[in-house]
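# A closer look at the structure
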Amino acid sequence: MSVFDLSGSVFEGSSLTLEGCDFLIEQAENRKLQEEPWRRHPDDPIGYSENILGAGRKPNAPGFWWSKQQDIARALLVPPHRVLVRACHSVGKSHAVAGIINWFFDSYDPGIVLTTSPKYDQVKDVIWKEIRLQRKGRTDVFPGPKAPRMETSPDHYASGFTAGRGSAAQGQHEQFVLGVIDEAIDVDREIWLALDSMCTHLLAIYNPTDPGSEAYAREQKGGYQLIHIDALEHPNIIAQLKGESPPYPQAIQLDWLRDRIKEWCELLAGQEKPTDFEFEGKWWRPGPLAECRLLGRWPSAAGNVWNESLFLSCEQRESVKIDLGKPPEIGCDVARFGDDDTAIHVRWGGMSLHHESHNGWTGPQIVGRLKQLCQEFAEKATAIRRRREPGAREFKPEEIPVKVDADGLGGMGVVDWSGGYNFISIRAGSTARADLHYPNIRSELWFDGAER
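Throughout what follows, the structure given in this document is the object of discussion. (Residues numbered from 1 in each chain as written. Predicted model: local features only at pLDDT ≥ 70, side-chain atom pairs only at ≥ 80, totals over all residues. Heavy atoms only, no water.)

### Quick word on empty space enclosed by the protein
To be explicit about the condition: Residues are called lining when one of their atoms sits within 4 Å of a cavity or pocket point, these points coming from a 1 Å grid over the protein atoms alone, where a cavity is a set in which a 1.4 Å probe fits but cannot get out and a pocket is an open set with protein on both sides within 12 Å along at least five of seven lines. Grid points are joined across faces, edges and corners, and a volume is the space filled by probe spheres set on the points. Secondary structure elements follow DSSP: runs of H or I no shorter than four residues count as helices, runs of E no shorter than two count as strands, and numbering proceeds from the N terminus. Polar here means any residue outside two lists: the nonpolar Ala, Val, Leu, Ile, Met, Phe, Trp, Tyr, Cys and Pro, and the charged Asp, Glu, Lys and Arg; Gly therefore counts as polar.
As enumerated under the stated definition, the model contains one cavity of 30 Å³ or more in all. A volume near 50 Å³ is recorded for the largest cavity. For the largest cavity, the full set of lining residues is Thr 115, Thr 116, Ser 117, Val 123, Ile 127, Trp 128, Val 180 and Asp 182. Mapped by element, the contributors of at least two residues to the lining of the largest cavity are strand 4 (111–117) and helix 5 (120–135). A class-by-class count of the residues in the lining of the largest cavity yields four nonpolar, three polar and one charged.

### Let's talk about the sheet that holds strand 12 (residues 282–286)
Where we set the bar: Any two strands with at least two DSSP bridges between them are considered paired. Angles run from 0 to 180 degrees between N-to-C directions of axes, and those axes are lines fitted to C-alpha atoms, restricted for helices to the stretch in contact.
The strand order across the open sheet formed by three strands is 10-12-11, and the pairing between neighbours is antiparallel. Strands at the two margins of the open sheet, each flanked by one partner only, are strand 10 (265–267) and strand 11 (277–279). In this sheet, adjacent strand axes meet at a mean angle of 45 degrees when their direction is disregarded. The pairing of strand 11 with strand 12 spans three bridges and is classified as antiparallel. Of the residues in strand 12, the one forming a bridge with Phe 279 is Lys 282.

### Some details on a negative patch on the surface
Note the threshold: The patches reported here contain residues having more than 30% relative accessible area and no salt bridge. Joining distances are 9 Å for like charges and 5 Å for nonpolar side chains (Val, Leu, Ile, Met, Phe, Trp, Tyr). To be clear on the numbers: accessible area is Shrake-Rupley with a 1.4 Å probe, and residue cover counts the displayed protein chains and nothing else. Take a side-chain nitrogen of Lys or Arg and a carboxyl oxygen of Asp or Glu: if they are within 4 Å of each other, that pair is a salt bridge. His is not counted, nor are the chain ends, whereas Lys and Arg count as positive and Asp and Glu as negative. Lysine's charge is taken at NZ, arginine's at CZ, aspartate's at CG and glutamate's at CD. Accessible area is worked out with a 1.4 Å probe on protein chains only. A residue is then buried under 20% of its type maximum, exposed over 50%, and partly exposed in between.
A cluster of acidic residues, Glu 183, Asp 186, Asp 188, Glu 190 and Asp 210, forms a negative patch on the protein surface. When its relative accessible area of 53% is taken as the criterion, Asp 186 is described as exposed.

### Quick word on the packing of aromatic side chains
As a reminder of what qualifies: In this scheme Phe, Tyr and Trp rings, the latter by its six-membered ring, pair at centre separations within 6.5 Å, and the angle between planes marks the pair as stacked below 30 degrees, edge-to-face above 60, and tilted otherwise. Any Lys NZ or Arg CZ that is within 6 Å of a ring centre and within 35 degrees of that ring's normal is treated as a charge sitting over the ring.
Overall, the coordinates contain seven aromatic pairs when judged by the stated rule. Measuring from ring centre to ring centre gives 6.4 Å for Trp 348 and Phe 395, while their planes differ by 90 degrees; the resulting arrangement is edge-to-face. With a gap of 47 residues between them, Trp 348 in strand 14 (residues 341–348) and Phe 395 in the loop between helix 12 (363–388) and strand 16 (402–405) connect regions that are remote in the sequence. Its relative accessible area of 5% is what places Trp 348 among the buried residues. Members of the aromatic cluster, joined through ring pairs, are Trp 103, Phe 104, Tyr 108 and Phe 176. The positively charged end of Lys 380 is found above the aromatic ring belonging to Phe 377, 4.9 Å away from the centroid.

### Points about the sheet that holds strand 17 (residues 423–426)
How we decide: Pairs of residues are marked as contacts when any of their non-hydrogen atoms sit within 4.5 Å.
Reading across the sheet, the five strands line up as 15-14-13-16-17 and stay open at both edges, with mixed pairing between neighbours. Two strands lie at the open edges of the sheet, namely strand 15 (351–359) and strand 17, each paired on one side alone. Between one strand axis and the next, the sheet turns through 20 degrees on average, direction left out of account. Bridge count between strand 14 and strand 15: eight bridges; the pairing is antiparallel. Directly across from Trp 348, in strand 15, lies its bridge partner Met 351. Along the sheet, helix 12 contacts strand 13 (329–333), strand 14, strand 15, strand 16 and strand 17; its crossing angle with strand 14, the most-contacted strand, is approximately 15 degrees.

Geometry only, nothing functional implied.
Given below as structure tokens:
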């Protein structure tokens, strides 16, 4: 005699087939979904936001999340599930992040959510306050009226902690772990590393005020999807410029934006640059505050020689000169310390072709990779050149210039192991060519490149 007890239904008998058991299990799961509809959207955070978080809204109301908020949620579904959100003020970052936390908690059981911010008040009074508001009465998962925590079992919970407590971000290794770093510009690298090592999904949100931050370093290193949010593209601004009511009353408003543009930007009378912007028929040049707080850009007036506006200018160039008779070139900056990365960059004339970085690589690994790139880009450059100039000579891997920053033992070793390839030693600390203007070659390279 066999007994199967599935959500209150009992079946007895020895003749129940495997297919029949599967059917009963499926029926039980369907009943559970009917009872708990918020569990229906593990792969559809947008559907969750509309049907669960946005349930009961007025007819013809705008989507619960506007397009950029939806982009954040979609990006988390794409491997490697790492997302950076660089945004201006008052565009609904906290609203979207709280909704994503609720979606992940309701969709993955077992599963864990870890949220952090530099200060406890930010943890408790911003993200977690919004989490509670969005749950609309489903508050049985909270242990107290203001505690930044939800829990149904030891392996299914969400918790908020301050970024100064690195131990709180260690030791969690469930199948589904979401890490959320709010106000990430002020969060130390150790917290980033701890969350990155244990989380299957990682989301960081910040206003781009400090190019010396770990958030900036992560952008430059790559491996994350970057969502950029600009105040000028918010639905409220677009609607109010048309004379319509703002669809999201709690978010940024046109009058506030007008005042900040007048306060933080310079009105232009011509000679616009790629980093300037048009607003209400006039051209404006943003100051540092406008760049980060209105446009979601890293400020141009930061201490770095290269900055957001210079990179933007490069990206918007319509033509780049390439001498097809000359081969591509490779640059390599060899790591000197354990937490530093070896960086490799390939260019052909003024065109950037490839960039990669590696942590912990030995000299032989670096040399092997550089030779692989010589072979790869010699073949690619030859193919491109012959499409333009049929019968043109072939580029040989050994003629690709590989310029290595040889200040330090690591760089010197890489050059010594060139083995017939065209490895060139660049000693950035040596005397500059324009020695009256620059203290060394490193400064000359930085500033001369920026001027060009």
